[in-house]
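Each chain is listed here by its residues.
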Amino acid sequence: MKNYDYIYDVFKEILQLNYKINYKELLDIDLYPGQPILLETIFEKEGITQSELSNLSLKKPATITTMINRLENIGYIKRVSDINDKRIIRLYLTDLGKEKYYQLLNLKRTMSNNIFKGMSDEDISNVYNLLLKIKNNLEKI
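Attention here is on the structure that accompanies the text. Computed from a predicted model, the values in this text were never measured in an experiment. (Residues numbered from 1 in each chain as written. Predicted model: local features only at pLDDT ≥ 70, side-chain atom pairs only at ≥ 80, totals over all residues. Heavy atoms only, no water.)

**A word on the sheet that holds strand β3 (residues 89-93)**
Stage number 1. Overall, antiparallel pairing links the three strands, which are arranged β1-β3-β2 in an open sheet. The open sheet is flanked by β1 (48-49) and β2 (77-81), the only strands paired with a single partner.
Stage number 2. As judged from the two bridges shared by β1 and β3, these two strands associate in the antiparallel manner. Paired with Ile48 across the two strands is Leu91, which belongs to β3.
Stage number 3. This element, helix α2 (residues 35-44), spans β1, β2 and β3 of the sheet and lies at about 105° to β3. (Pairing = 2+ DSSP bridges. Helix = DSSP H or I, 4+ residues; strand = E, 2+ residues; numbered from the N terminus. Contact = heavy atoms within 4.5 Å. Axes fitted to C-alpha atoms, helices over the stretch in contact; angles between N-to-C directions.)

In structure tokens form, the structure reads like this:
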């Protein structure tokens, strides 16, 4: 088996740097790590249930409940009972939540531009394809 530890170490450093930079940037728009994926998912799948959100985000239901409570308390999301089945609670972004979502998109675009600065379209395409292969390998574990 070949030793790819040096690549893994660089990949780990990239993830740590990205987390560090994103953490600061997220705080600047009043978000915390973990919240962006929820806002993005609720925006893309309006009316999603907490259990569906838990499955899609790969987070435990109790964790999702805590995160949803926080997002609701700060006014980013609202819970609405399903019209046909009052036992089902659906999640929607509020106007403030949508504003945060668009701020998040701008942050994402800025980060992407900074990350890929100086790379050709071919370089970016190669990185994308390699990352898909890495993702595929991780999904098989």
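**Quick word on the nonpolar core**
Stage number 1. Counting residues in hydrophobic clusters, the biggest one holds 20 residues, and the most contacted among them are Leu31, Leu39, Ile42, Leu53, Ile68, Ile77 and Leu91.
Stage number 2. Those residues in contact with Ile77, other than ones at most four positions away along the chain, are Leu39, Ile42, Ile68, Leu71, Glu72, Leu91, Tyr92, Leu93 and Thr94. (Core = buried A, V, L, I, M, F, W, Y, C linked by side-chain atoms within 4.5 Å. Buried < 20%, exposed > 50% of the residue type's maximum accessible area, 1.4 Å probe, protein only.)

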